[in-house]
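Single-letter residue listing:
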Amino acid sequence: APRILVTGGSNTHPVTNEQCSRAIELARLIVSFGVPSEKVVPIGAVSAGHTLGNVANLTGYLRLHPEIQRVGMLCPRFQMLRAMAMQYRDSYYQEHGIKLEWIEVERTLVQAGALSKLEVDTVYTTPAADICWQKEREGMQALLEGTYRTTRKST
């Protein structure tokens, strides 16, 4: 890939307890695996703490770089359908002929030999995975109903 665009909202950093951009932290991690830093572009904003914010960040970047006509979307299995629905609802991609290619993270890790299919399947049968699937179903339902919330509840 000529560029790796890294999205991600904000989280509390586990070491510093400060708000930080997941995009910046993920970009650092990608570079630490040997990807040249000039190819890695963090485009997430601290204020985009949700998938819809990531869609907006990507669309904004593509508006500034109209030469980009093909985008590979690397996404975890449990989040892919909702992310796809959000991307395809953004008419910018169709209007500008941008091709989106969806790549499942877990399948990629298995193909690369980083994880076995059994390890991935085991992760997806845990109680934590059940919670993720339930949240994704709720998020997809809300998206379809037009009630999708982009703010988090305070805990």
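Note that the structure is a prediction, hence the values are computed from the model and not measured.

**Focus on the pattern of salt bridges**
Phase 1 of the analysis: Using the criterion set out here, one finds nine salt bridges in the structure.
Phase 2 of the analysis: Of the charged contacts in the structure, one is a salt bridge between Arg28 and Glu25, with a shortest N-O distance of 2.8 Å. With a gap of three residues between them, Arg28 and Glu25 both fall in helix α1 (residues 22-32), about one helical turn apart.
Phase 3 of the analysis: Linked through salt bridges whose partners overlap, the residues forming this network are Arg70, Lys99 and Glu101.

**A closer look at the nonpolar core**
Phase 1 of the analysis: Counting 15 residues, the largest nonpolar core has Leu58, Leu62, Val71, Ile98, Leu100 and Trp102 as its most contacted members.
Phase 2 of the analysis: Where this core is concerned, the elements lending two or more residues are α2 (51-64), β5 (70-75), α3 (77-89), α4 (92-95) and β6 (99-104).
Phase 3 of the analysis: Leaving out residues up to four positions away in the same chain, Val71 has contacts with Leu58, Leu62, Ile98, Lys99, Leu100 and Glu101.

**Describing the packing of α2 against α3**
For any two helices packed against each other, the geometry comes down to the angle between their axes and how far apart the axes lie.
Phase 1 of the analysis: Interaxial distance between α2 and α3 falls to 10 Å at its minimum, and their mutual angle equals 45°. Comparing their axes, α3 and α2 come out oblique. When the axes of α2 and α3 are compared, the crossing they make is right-handed. Seen from α2, the contacting residues are Thr51, Leu52, Val55 and Leu58; seen from α3, they are Gln79, Arg82, Ala83, Met86 and Gln87.

**Structural notes on the pairing of β5**
Phase 1 of the analysis: By the alternation rule, side chains of β5 split into Val71, Met73 and Cys75, which are all buried, and Arg70, Gly72 and Leu74, of which none is buried.
Phase 2 of the analysis: Sheet analysis places β5 next to β6, joined by six bridges and oriented parallel. The residue of β6 that forms the bridge with Gly72 is Glu101.

**A word on the packing of aromatic side chains**
Phase 1 of the analysis: Evaluation of the coordinates by the stated rule reveals three aromatic pairs.
Phase 2 of the analysis: Ring geometry for Tyr88 and Trp102: centres 6.4 Å apart, planes at 55°, overall tilted. A residue pair is termed long-range when its members are at least 10 positions apart, and Tyr88 in helix α3 and Trp102 in strand β6 qualify at 14 residues.
Phase 3 of the analysis: A residue is classified by how much of its surface remains accessible, and Tyr88, at 41% relative accessible area, is partly exposed.
Phase 4 of the analysis: Its relative accessible area of 19% is what places Trp102 among the buried residues.
Phase 5 of the analysis: Here Arg77 stacks its cationic end above the ring of Tyr124, 4.7 Å away from the centre of that ring.

Cut-offs used in this document
Within any chain, residue numbers begin from 1 and follow the written order of that chain's sequence. In keeping with the model being predicted, local features are shown solely for residues with a pLDDT of at least 70 and side-chain atom pairs are shown and tallied solely at 80 or more, while totals for entire chains, interfaces and linings include all residues. For the side-chain quantities, the full set of heavy atoms in the structure was used; hydrogens and water were omitted. Here, a salt bridge means any Lys or Arg side-chain nitrogen found within 4 Å of an Asp or Glu carboxyl oxygen. Under the scheme used here, helices are H or I runs from DSSP no shorter than 4 residues and strands are E runs no shorter than 2 residues, and both carry numbers assigned from the N terminus. Residues enter a nonpolar core if they are buried and are Ala, Val, Leu, Ile, Met, Phe, Trp, Tyr or Cys, with the set joined through side-chain atoms within 4.5 Å. When accessible area is computed with a 1.4 Å probe and restricted to protein chains, residues below 20% of their type maximum are described as buried, those above 50% as exposed, and intermediate ones as partly exposed. Note on definitions: a residue-residue contact is assigned when non-hydrogen atoms from the two residues lie within 4.5 Å. The axes used here are C-alpha line fits, helices contributing only the stretch in contact, and every angle between their N-to-C directions lies in the interval 0 to 180 degrees. Each angle receives one of four descriptions, namely roughly parallel if under 35 degrees, roughly antiparallel if over 145, roughly perpendicular if within 65 to 115, and oblique otherwise. Each crossing gets its handedness from the near helix: less than a right angle anticlockwise from the far helix is left-handed, clockwise is right-handed. Two strands pair if DSSP finds at least two bridges between them. Between 30 and 60 degrees the pair is tilted, below 30 it is stacked and above 60 it is edge-to-face, where a pair is any two Phe, Tyr or Trp rings, Trp via its six-membered ring, whose centres lie within 6.5 Å. Lysine NZ or arginine CZ positioned within 6 Å of the ring centre and within 35 degrees of the ring normal marks a charge as sitting over the ring.

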